[in-house]
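# Tertiary structure, described
Single-letter residue listing:
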Amino acid sequence: MKLTRITGIAAGLSLLVAGMQAQVSLPSVFTDHMVLQQKSEVPVWGWGSASATIKVVGSWAPLDTATTVVRSDGTWDTTLKTVGAGGPYTLSVLGDGTRELKDVMLGEVWLCSGQSNMEWTPMHGIDNSEKEVAAANYPNIRFFHIPKRGAATPQNNCEASWAPCTPDKMKSTSAIAYFFGRDLQKDLNVPVGLIVSAWGGTPAEVWVPEEQIMNNPRIRDVMPDKTYPWWPVEPGVLYNQMISPVVPYALAGAIWYQGESNRDHPDSYGILLKTMVESWRKSFKKDFPFYLVQIAPFTYNAGDNGAALVREHQEWVARTVPGAGMVAVSDCVADVKNIHPTDKQSVGQRLANMALGKIYGRLDSGYESPLFESMTIDKNKAVISFLHAGNGLMCKDKEITGFMIAGEDGVFVPAKVRIKDNTVVVTSSKVKKPVVVHYCFDDATIGNLFSKEGLPVAPFRTDRNWKNE
C-alpha cells in the first residue's frame, strides 16, 4: 500500500508538472483587441514546453497555419501571413494548450515614442481638450501604452495590453499619437494600432541599445553627466524596457518627438539619432519609415543656441537617413515660455500627412515644410532657394521676420526680405556684400514664412557644413 501511495503521488506530480508545462504563453503585446500589420508576414512569438509543436492560426485564413517547435530554452517564434485590413478576427496559438485572442484587427501599426511632448496627454492640457476627449470614440484605433520603466538589460515583456480608443482611454495617453492615428484612420479607413512608448525629460541616449552608445566615442564621450530623480539618463535603459518587449512586432513605421533634453550637448545629436533609427530597424528587422517632429521654439535663457543646433541635426537626419522625414511646428507655438505647446492637433495632422504622402500615396505634395537648399549672391542681395516650395511661398504678415544677414565681418543684422516666386531675396542697407543668412536660428524665434500650403519654413543657416556629419 505504501508503494502504491508513493507511485500515485509521483504520478500526480508528473501530471502537475505536465500541466504547468502545457501553458503556452505570449508576451503582452499579443492580447485581445490587438492590431496586426496588414498584408505582411507578422512575427509571433512566446514560450512553451521544450520540443512541443506550436501552431498559429488567424481566422482571416484558417487554412494558412504557421508551425514551429519550441526551443530547448522554452522560447518559440514564427511568422504568420496577414491579408488586407479588416476584422474582428481571432488569433489562436495551439501547443500543449491553447490561447485564443479575440477582436484582433488587421491594419496599420505605428510606434510613437519620445519625451514629454510625445507623452503629453489631453489631461495635461491641449487645445479644445474637453471637445476632443468627448469625440474620441474610435473603436478601430487601438492603443498599446507601455508603462514608464527602465531596465539594466533587454526585457522580453512589459505590463501592458491593447485597448480600443474611447474617451476615457484617449484622455490618458499621447495626444499626438491619437491625432496622428485619428487622421490616418479617417483617410485610410483601416484599423490603426498605436504603440505608445514615451517618457518626458529623457535624452535620446536612453532609447538606444547600450552597446551602440558605448561603442561610439562621438556619442559616449559627450553623454549627459547629470542625473535626475524624475527620469533616467543611463544609456539603453528605456530601450531595454520600453522598446525591447515589443521587438520584433510588425510595424508600418515610427513617429518621434524628442530633442529638448539633448540641447546641452547638441553636436552629437544627429549621429545619435541616426544610430537609434538604425538600431531600431535592425531590432524590428524592417527598414520602416521614421518621422520626427522638429523641436519647437522655447525660451531656454541659455544664449547658446543649443535648441537651434538640435533642430539642425534633426533636419540632417531627415535629409540623410533613408525613409526618414521631419515636420516643422514653429507656428504651433502660442507661448515661447511653454515648452509643451498645446496645439497637438496640428502636429499629429502633419505627421499623418507625411505618412499619407510618403507611404500611402494619398497626397501628391504639400506635406513637407520648405527646407533651405542654396544661396546665391547677386551684388548686395542674397537669394535663397528652398526644397518643397514648388508652389511658392507666402507670409501671413506685412513683413517677413526672423531673417538675419551678415557680411565678411560676421556681424549679423536684421534683414529685409521679399518673396520672389519660390525664393526669397534678403538684403540690408548695412551689408554691402552678403556672406551668411540665418533664419530663426536661435532657441525661441518664431518665423512667419510659409509654403503656399501653409507649412512653416524650417529654421536654417546658410553656413551649415553638412559634410561634417
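All residue numbers refer to position in the chain's written sequence, counted from 1. Only residues with pLDDT of 70 or above have their local features reported here, since the model is predicted, and side-chain atom pairs are shown and tallied only from 80 upward, although totals for entire chains, interfaces and linings are computed over all residues. Note: side-chain values were computed over all heavy atoms of the structure, leaving out hydrogens and water.

### Remarks on the packing of aromatic side chains
To describe a pair of aromatic rings, you give the distance between the ring centres and the angle between the ring planes. Stacked, edge-to-face and tilted are the three classes for Phe, Tyr and Trp ring pairs, Trp counted by its six-membered ring, which pair at centre distances within 6.5 Å; planes under 30 degrees apart are stacked, over 60 edge-to-face, the rest tilted. Per the stated rule, a full pass over the model turns up 21 aromatic pairs. On the numbers, 4.9 Å between centres and 85° between planes, the contact of Phe 30 with Trp 45 is edge-to-face. Within this pair, whereas Phe 30 is found in the loop between α1 (2-21) and β1 (35-37), its partner Trp 45 is found in strand β2 (residues 41-47), the two being separated by 15 residues in sequence. Relative accessibility decides the category of a residue: with a 1.4 Å probe and only protein chains considered, values under 20% of the type maximum give buried, values over 50% give exposed, and everything between is partly exposed. We classify Trp 45 as buried; its relative accessible area is 11%. The structure contains a cluster of three or more aromatic residues connected by ring pairs, namely Phe 30, Trp 45, Phe 144, Trp 162 and Tyr 249. Definition used: whenever NZ (Lys) or CZ (Arg) falls within 6 Å of the ring centre and also within 35 degrees of the ring normal, the charge is taken to sit over that ring. One Lys or Arg, Arg 263, reaches over the ring of Tyr 300 and ends 4.3 Å from the middle of that ring. Counting from the N terminus, the helices are DSSP H or I runs at least four residues long and the strands are E runs at least two residues long.

### A short note on the UniProt feature "domain: Sialate O-acetylesterase" (unreviewed entry) in the protein chain
Mapped onto the present numbering, the UniProt feature "domain: Sialate O-acetylesterase" (unreviewed entry) falls at residues 108-355. Secondary structure content for residues 108-355 is 35% helix and 16% strand, while the C-alpha to C-alpha distance between its ends is 11 Å. UniProt positions are given in the numbering used here, feature names are shortened, and annotations may be inferred rather than shown by experiment.

### Examining the nonpolar core
Residues Phe 30, Trp 207, Tyr 249, Trp 256 and Trp 280 are the most contacted members of the largest nonpolar core, which totals 75 residues. The dominant element in this core, judged by the number of residues it contributes, is helix α9 (residues 269-284), at 8 residues. In these notes, a set of buried Ala, Val, Leu, Ile, Met, Phe, Trp, Tyr and Cys residues joined through side-chain atoms within 4.5 Å is what counts as a nonpolar core. Formed by 42 residues, the second largest nonpolar core is a distinct cluster that contains Met 118, Trp 120, Ile 126 and Ile 141.

### Comments concerning the pattern of salt bridges
The rule for a salt bridge is simple: a side-chain nitrogen of Lys or Arg has to be within 4 Å of a carboxyl oxygen of Asp or Glu. This model, assessed by the stated rule, comprises 18 salt bridges. Across the salt bridge formed by Asp 77 and Arg 71, the nearest N and O atoms sit 2.7 Å from each other. Asp 77 sits in the partly exposed class, given a relative accessible area of 39%. Overall, the relative accessible area of 38% leaves Arg 71 in the partly exposed class. Of the charged contacts in the structure, one is a salt bridge between Asp 264 and Lys 226, with a shortest N-O distance of 3.9 Å. Highlighted residues: Asp 264 in the loop between β11 (253-257) and α9 and Lys 226 in the loop between α7 (217-220) and α8 (237-243), separated in sequence by 38 residues.

### Examining the sheet that holds strand β18 (residues 412-414)
Only strands joined by at least two bridges in the DSSP assignment are considered to pair. Sheet architecture is open: 4 strands sit in the order β18-β17-β21-β23, paired in antiparallel fashion. Strand pairing shows two members of the sheet lacking a second neighbour, β18 and β23 (460-461), which therefore form its edges. Here strand β17 (residues 403-406) runs beside β18; their pairing, made up of 3 bridges, is antiparallel. Considered in β18, the bridge of Ile 405 is made with Val 413.

### Some remarks on the packing of helix α5 (residues 175-188) against helix α11 (residues 344-358)
In this analysis an axis means a line fitted to C-alpha atoms, helices contributing only their contacting stretch, and an angle means the value between N-to-C directions, from 0 to 180 degrees. Where α5 meets α11, the closest approach of the two axes is 8 Å, and the angle between their N-to-C directions is 45°. The pairing of α5 with α11 is recorded here as oblique in orientation. The two elements α5 and α11 meet at a crossing, and its hand is right-handed. Between α5, through Ala 175, Ile 176, Phe 179, Phe 180, Asp 183, Leu 184, Asp 187 and Leu 188, and α11, the contact on the second element is made entirely by Lys 344, Gln 345, Val 347, Gly 348, Gln 349, Leu 351, Ala 352, Ala 355 and Leu 356. Angular relationships are summarised with four words: roughly parallel below 35 degrees, roughly antiparallel beyond 145, roughly perpendicular across 65 to 115, and oblique for the angles in between. Handedness of a crossing follows from how the near helix is turned relative to the far one, being left-handed for an anticlockwise turn of less than a right angle and right-handed for a clockwise one. By the convention used here, residues are in contact when the closest approach between their heavy atoms is within 4.5 Å.

### Re unusual backbone geometry
For residues that are not glycine, phi is negative in most cases, and the peptide bond is trans in most cases. With omega at 5°, the peptide bond leading from Gly 87 into Pro 88 counts as cis. Take Pro 88: it is sitting in strand β6 (residues 86-94). Residue Pro 248 follows Val 247 across a cis peptide bond; omega there is 5°. By the element assignment, Pro 248 lies in the loop between α8 and β11. In the Ramachandran plot, Asn 189 falls in the positive-phi region, its phi being about 55° despite a non-glycine side chain. Looking at the secondary structure, you find Asn 189 in the loop between α5 and β10 (192-198).

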